Every structure is written in C-alpha cells, then in structure tokens.
Amino acid sequence: MSSSPEIVSSHEQQQEGVGVVPTSGLRQNALGPAGLALLCIAAIAPAASMLFNVPVIASQAGAASPLVFLLSAIGVLFLGVSVIYFASKLSSAGGFYTWIRHALGKGTAFQVGWLMMGAYALFEAALQATVGGSLDSNFATLGFHLPGGWVTYALLLTLVVGVIAYFGVKFSLWVMAPFAAAEVLGLLVLDGVITFKGGSGGQDLLHTLTPAGSTLHGVAPGGALGIGLGMILGILAFIGFETGAAYGEETRHPKRVIPIATYALLAFLSVLYIWTSYAATIGIGWQHAGDILGNVADAPQQYILLANRYVGSWLGAALVILVITSNAASAFAMHQVMTRYFYAMGREGILPRVFGQTHPRWRSPYLASCVQTGFTGIVILLLGLVLQQSHPDGSITFALGFPHDTWTQTSGIVSFQWLASVVTMCILLVYLMTNVASPLFARRHHEFRVFTHAVAPLVSTLLLLLPLASYVLPPLPVIGSWVTALGFAPTPFPTNILPLFVLLWVALGLGYAWYLSRKAPERYEQLGLIIQQESAEGGNHGIAEEEEVHTHREEEA
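Residues numbered from 1 in each chain as written. Predicted model: local features only at pLDDT ≥ 70, side-chain atom pairs only at ≥ 80, totals over all residues. Heavy atoms only, no water.

Regarding helix α8 (residues 169–197)
No. 1: In a regular helix each residue adds 1.5 Å, so 29 residues correspond to 42 Å; α8 covers 41 Å between its end C-alpha atoms and thus fits that length.
No. 2: Positive backbone phi, at 80°, marks Gly-198, one or two positions downstream of α8. (Helix = DSSP H or I, 4+ residues; strand = E, 2+ residues; numbered from the N terminus. Expected span 1.5 Å × (residues − 1).)

Structure representation (structure tokens):
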C-alpha cells in the first residue's frame, strides 16, 4: 500500500537544493491527446445526447435546432477560453478547485471541489440507472427479466466499473475507447449519408440556421423564445468536456495537451451537434420538425427510423445499442473523474488521507474508487425504492417502498432525469465561478487580455445563466408562474424540489469547511496547493505545493 505523496514547499526545495519530490501517486504520462479526448467523449455521451435532446429541442424551436446548437456552441466555446487558460497554467487531479484556489481563495475553492465531487458521484449513479432501465426495458420485450428489474442491471454494471477502475486509467481507457469511438462513428455515418442524399427535400440552410423554421405546427413556444429555451439542452449536451482537467497529473505535457485537446474537442462537438441536428431536420423534412422530429414521446425512434430509411436496418439496430453503450461509457468516465477529485481532496487532508493513496502497482486511486462504487450502489438501491402510481388524469403519485397493488417501481430512466438535473445545477455553478476566477487570476499574474479574460467569460456567463434559471426560477412561489408563462417548463413534484438538494449539499459543504478551518486549519490552508510540476522538457516529474504568495500577502494585509 503506497503512502500519500510527500509535499515539499518551493521554499524548502530552494533551501535544500533539491528538485520536486517524485510522487508515488497517479501514474504519470499515462495519457496522450487521443486518450484524453476519448475519455472526455465517453463522459459527454454524444450519441445519447443527440438521440434524446434533439427531439426535445425540435419541440421547442422547430426546424431551427441546428441554430440552437450553433448558439449553444458559441456559449460553451467562450467558457472553454477560461478552462483552457487555467489548464495551461495549473495541472492537478483537483482540476477546477485547484484553479479556483489560486484565484478566489480556499473558501470558494472548497465549495467548487465539494460541488464537483457531489456532482460526479451522483452522475455515475444516474447513468447506471438509465443504462439499467434501458437494458431492463429492451430485454423485457424479449421475454427476459431479472429479479429486481433495472436495479439489478445497474448494480451489476456498477460492480463492473469498480473492478475495471481498480486497474488504473489506462485499462479503463481501453474499455471505454471502442464505445466512445463507435458512437461518434455511428452519428457521422448517419449524418453523412442523409446530407449526401439531400434528405427528403434537399439542403436547407434557411429554415435550419435562421429563426425562419422555428414556428411550426406542434412547436411550443417557437420563435426566439423557443430557440432560447432550446439552448438549455444545447448547452447541457456539452457537459463533460471539462473532465479532462482532472487528468492533469496523468497526461503527458498537460499544460500543452489539455488546452489543445479541450478546444479541439469542443470544436469537433460543435460541428457534430450542428450537423447531427441538421441531418435529422432535413432527413424528416423541416416542415415536420415539430410534429415528427419534435414528438418527444417517440425519442429516440426518430433517429432509428432515419437510420433505417437512409442507411439500413443495421445502423438502426446499432443506434439502439449505441445509446446504451454511450451512457455506460459515460458512467465509466464519470467514475474515473469522481475518484480523482476524491483522491485529490484526500491527499490534501480535506477528506481522510486514506483516500489520497494509490495502488502500489496500478497507481489507481483504488480506495477512493471503492468508496465511489459503494456510494453508487447505495444510491441505486434507494432509487429502487421509489414507487409511482398513475392516475386517470395523467398525474403521478410517488412514494417509498416495495411494489404492490397498483404501485410500480419508478423507471431508472426517470431516476436519471432527477439526478441529472441536480448534477447539472452543481456543474453550472462551477462553470460560472470559473468565469469569475479567470479575469482575477489573469490580473494577479499581469496577463489580463480583454477578449480572453473579460469578453469571453462575460458572454459565457450570460448564456450559462439561461439553463440555470430554467431549473431554479420555475419552482419559486411568485416568480415561478410568471417564468412558466414565458415558456419555461413547469416543474411538478418532485422536479420542483431538486434545487433544494443542491442547496442542502452547499450547506453541508459550508458546515464541513467551517469545521476544518477551526479543527484542522493547516489542512484547510493546504486546499488546492498541490500541483503537477513539469520538467524543462515538458514532461511530468512530480508533485509540489504551490506557494500562494499573492494570496498570503493579501490575507496578511
């Protein structure tokens, strides 16, 4: 069993005349640009995002779905400016909270790490729930059923993920990479064939990339508001691109590779999402973007029918499988990222230091991984106790217990929607704080640039507030009815209480931070100061504690 990496301050290194102390932590130089990009693609799950998000966006914005993704891509690319700026300066398994520590201080950094840790921990459970629900539904049509329904599938997959993660990031990459590559290839084949054949009525940039096609039968609210609402899901489809930051200590030349890989990935996803929504729109016909493509109840059948019609039944069958494997690969990726945040906070003493240990052979944060596997299993079991009862008027009542009489187990896919909403709110808060931190960090280090550190963060922040508002505002007592009247989706129970879980998690974080600052101030002070050092040639060669000279001076003043 390896011990936590030794931490040596830069001052002590100068005094003793030694270099950065080698670490027995995560395996250095394990990932290159391609591997890093595939891990991020797996986390994003583009196939699942497109097959389920495009129909919802089409129901709101009609044939202008490609325009929605174009505008969403602009917002995320502006966010990427801040992410890439930080990634080029600081590399650590702590990712975002390390960056925030050097810009906004330890208090905000703790909340960022707390939010990311909670978000990724829940996200794995959410993804396992939807994969379990999909497997249970598909196998049930074949007459096969496991006791426990989707919960059993989800628990088995959680165990598989835990076992694979035990052997390190490279082994996990070999497992995830084929699925990530396959889902992207499947979308590219479908997009290419539909575009080459001209869809059902030829190419159409007017109704797809302008608001001209946003008002159709079956579309609500349509127009500019519909495009704005569609951007909520458009932006959310990119969530996961930021996971590359957590692999800073395991990537070769991280300060160069992570920024390049991140922006290349964002550019590629922008093209893929715009193209995939465009191909679906012209494939069905822009006039039917609302009543056929936008029929949310049929998702993802629209894409399967398009694949059968334009390519062949083999691709339609493949898409059914790829939707499941897309979410499964995302669960793998989220597990890896979560354990690195857990490991980083354990290494720094914010969490019990035992979680900051790595396996002596595989160099994986195996103890953190085991805890994450156990937590995911507990969440899945609790979700399995959620029952629902449908009423003739279409309303649904929820309760806890075991299925009986007219009470049935709530689908894992529904559970995914609940957990994913909580996760999204947490990550959006982190994105917003990153935009705030970027100009402050740049000004402190005399690197401030108007576009990079002012224009880009401001534009990104304004666009990111839209999806956050869609979660937070509708449930509010007075404002909610007014916001819903504008076209934002109403939030029935239990959706209306989901923001409370985020507030509860933040409150718990504030309480724990207060406890640390009083009982273990030396550990709390160390938060986010452990970073990866690079040699003169650019390769990783150890962990060191970064001295926050500017911060300390300000605190002393």
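The rest of the description comes next.
So, the sheet that holds strand β2 (residues 396–400)
No. 1: Taken in spatial order, the three strands line up as β2-β1-β3 in an open sheet, and their pairing is antiparallel. Taken across any chain shown, the strands that pair with only one partner, and hence form the sheet edges, are β2 and β3 (408–409).
No. 2: Bridge count between strand β1 (residues 386–390) and β2: five bridges; the pairing is antiparallel. When the sheet's bridge partners are listed, Gln-388 is paired in β2 with Phe-398. (Pairing = 2+ DSSP bridges.)

What to know about the side chain of Ser-172
No. 1: Structurally, Ser-172 can be placed in helix α8.
No. 2: Excluding anything up to four places from it in sequence, Ser-172 contacts Ile-164, Ala-165 and Gln-336. (Contact = heavy atoms within 4.5 Å.)

Let's talk about the packing of helix α10 (residues 254–284) against helix α12 (residues 301–310)
No. 1: Taken N-terminus to C-terminus, the directions of α10 and α12 make an angle of 70°; their axes are 11 Å apart at the nearest point. Taken together, α10 and α12 sit at an angle that is classed as roughly perpendicular. As α10 runs across α12, the sense of the crossing is left-handed. On α12, the residues touching Thr-276, Ser-277, Ala-280, Ile-282, Gly-283 and Ile-284 of α10 are Gln-302, Tyr-303, Leu-306, Arg-309 and Tyr-310. (Axes fitted to C-alpha atoms, helices over the stretch in contact; angles between N-to-C directions. Parallel < 35°, antiparallel > 145°, perpendicular 65-115°, else oblique. Left-handed = near helix turned anticlockwise from the far one by under 90°.)

With respect to the packing of aromatic side chains
No. 1: Enumeration over the complete set of coordinates arrives at 26 aromatic pairs.
No. 2: Their ring planes at 55° and their centres at 5.8 Å tell us that Tyr-85 and Phe-86 sit as a pair that is tilted.
No. 3: Judged by its relative accessible area of 9%, Tyr-85 falls in the buried class.
No. 4: Since its relative accessible area comes to 0%, Phe-86 is described here as buried.
No. 5: Measuring from ring centre to ring centre gives 5.6 Å for Phe-110 and Trp-114, while their planes differ by 20°; the resulting arrangement is stacked. Linking Phe-110 with Trp-114, this pair stays in helix α6 (residues 106–141), spanning four residues, or about one helical turn. Of the two residues, Phe-110 and Trp-114, neither departs from the other in class, the shared state being buried. (Phe/Tyr/Trp six-rings, centres within 6.5 Å; stacked < 30°, edge-to-face > 60°. Buried < 20%, exposed > 50% of the residue type's maximum accessible area, 1.4 Å probe, protein only.)

Side note on the environment of Ile-260
No. 1: Relative to the assigned elements, Ile-260 resides in helix α10.
No. 2: Residue classification places Ile-260 among the exposed residues on the basis of a relative accessible area of 56%.

Thoughts on the packing of helix α3 (residues 46–61) against α8
No. 1: Look at α3 against α8: their axes get within 8 Å of each other, and the N-to-C directions meet at 45°. Classified by the angle between their axes, α3 and α8 sit oblique to one another. Counting all contacts with α3, which are made through Pro-46, Ala-47, Ala-48, Met-50 and Leu-51, the residues of α8 involved are Glu-183, Val-184 and Leu-187.
No. 2: Considering only residue class, the contact of α3 with α8 consists of seven nonpolar, no polar and one charged. (Nonpolar A, V, L, I, M, F, W, Y, C, P; charged D, E, K, R; others polar.)

Overview of the layout of surface pockets
Over the atoms rolls a probe the size of a water molecule, and its path tells where empty space is left.
No. 1: A volume near 900 Å³ is recorded for the second largest pocket.
No. 2: In this structure, the second largest pocket is lined by 32 residues; those nearest its centre are Leu-122, Phe-375, Val-379, Leu-419 and Phe-501.
No. 3: Broken down by secondary-structure element, the contributors of at least two residues to the lining of the second largest pocket are α6, α13 (313–347), α14 (366–383), β2, α15 (412–444) and α18 (498–519).
No. 4: Split into classes, the residues belonging to the lining of the second largest pocket amount to 30 nonpolar, two polar and no charged. (1 Å grid on protein atoms, 1.4 Å probe; cavity = no way out; pocket = protein on both sides within 12 Å on 5 of 7 lines; lining within 4 Å. Points joined across faces, edges and corners; volume = space filled by probe spheres on them.)

Section: the nonpolar core
No. 1: Formed by 144 residues in total, the largest nonpolar core has its most connected members in Phe-96, Phe-110, Phe-241 and Tyr-273.
No. 2: By residue number, the principal contributor to this core is α6, which donates 16 residues.
No. 3: Setting aside its immediate chain neighbours within four residues, Phe-241 contacts Cys-40, Ile-44, Val-76, Leu-79, Gly-80, Val-83, Thr-262, Leu-265, Leu-266 and Tyr-431.
No. 4: The next biggest cluster of nonpolar side chains, apart from the first, holds five residues, and it includes Val-131, Leu-135, Tyr-153 and Ala-328. (Core = buried A, V, L, I, M, F, W, Y, C linked by side-chain atoms within 4.5 Å.)

Concerning α18
No. 1: The first and last C-alpha atoms of α18 sit 32 Å apart over 22 residues, in line with the 32 Å expected at 1.5 Å per residue.
No. 2: Taken residue by residue, α18 has Leu-498, Pro-499, Val-502, Gly-509, Ala-513 and Leu-516 as its buried positions. The arc enclosing the buried residues of α18, seen along the axis, measures out at 110°, which places them on a common side. Opposite the packed face of α18, turned more than 90 degrees from it, sit the exposed residues Leu-500, Leu-503, Leu-510, Trp-514, Arg-518 and Lys-519.
No. 3: Elements that come into contact with the buried residues of α18 comprise α6, α15, α16 (450–472) and α19 (521–525). (Arc of directions from axis to C-beta.)

Details of the pairing of β1
No. 1: β1 sits mainly inside the fold: four of its five residues count as buried.
No. 2: In sequence, β1 turns back onto β2 through a hairpin of five residues, with Gly-394 there showing a positive phi of about 95°.
No. 3: As paired elements, β1 and β3 share two bridges and run antiparallel to each other. Paired with Gln-388 across the bridge in β3 is Thr-408.

Topic: the environment of Gly-25
No. 1: With respect to the element layout, Gly-25 can be found in the loop between α1 (10–16) and α2 (33–44).
No. 2: With relative accessibility at 2%, the residue Gly-25 sits in the buried group.
No. 3: A C-alpha to C-alpha distance of 16 Å links Gly-25 and Pro-352, two positions 327 residues apart in sequence.
No. 4: In this structure Gly-25 touches Tyr-343, Thr-358 and Arg-363, once residues within four positions along its chain are discounted.

Observations regarding the confidence of the model for the protein chain
No. 1: Of all residues in the protein chain, 90% attain a pLDDT of 70 or more, and the chain-wide mean is 85.
No. 2: Summarising per-element confidence for the protein chain, the mean pLDDT is lowest in α1 (35) and highest in α12 (95).
No. 3: Within the model, the stretch residues 1–23 combines pLDDT values under 50 with 46 contacts to residues more than four positions away or in other chains. (pLDDT = per-residue confidence, 0-100.)

Quick look at the side chain of Ser-65
No. 1: Checked against the element boundaries, Ser-65 lands in helix α4 (residues 65–87).
No. 2: Of the residues examined, Ser-65 reaches a relative accessible area of 0% and is grouped as buried.
No. 3: A polar atom in the side chain of Ser-65 sits 3.2 Å from the backbone oxygen of Gly-62.
No. 4: With residues up to four places along the chain from it excluded, the contact list for Ser-65 reads Val-54, Ile-57, Ala-58 and Ser-277. (Polar contact = N/O pair within 3.5 Å; in protein donor to acceptor, adjacent residues only side chain to side chain.)

Considerations on the pattern of salt bridges
No. 1: Under the criterion given, the structure shown has five salt bridges.
No. 2: The closest approach of N and O atoms between Glu-250 and Arg-340, which form a salt bridge, is 2.7 Å. A residue pair is termed long-range when its members are at least 10 positions apart, and Glu-250 in the loop between α9 (223–236) and α10 and Arg-340 in helix α13 qualify at 90 residues.
No. 3: Glu-250 gets classed as buried once you look at its relative accessible area, which sits at 1%. (Salt bridge = Lys/Arg side-chain N within 4 Å of Asp/Glu carboxyl O.)

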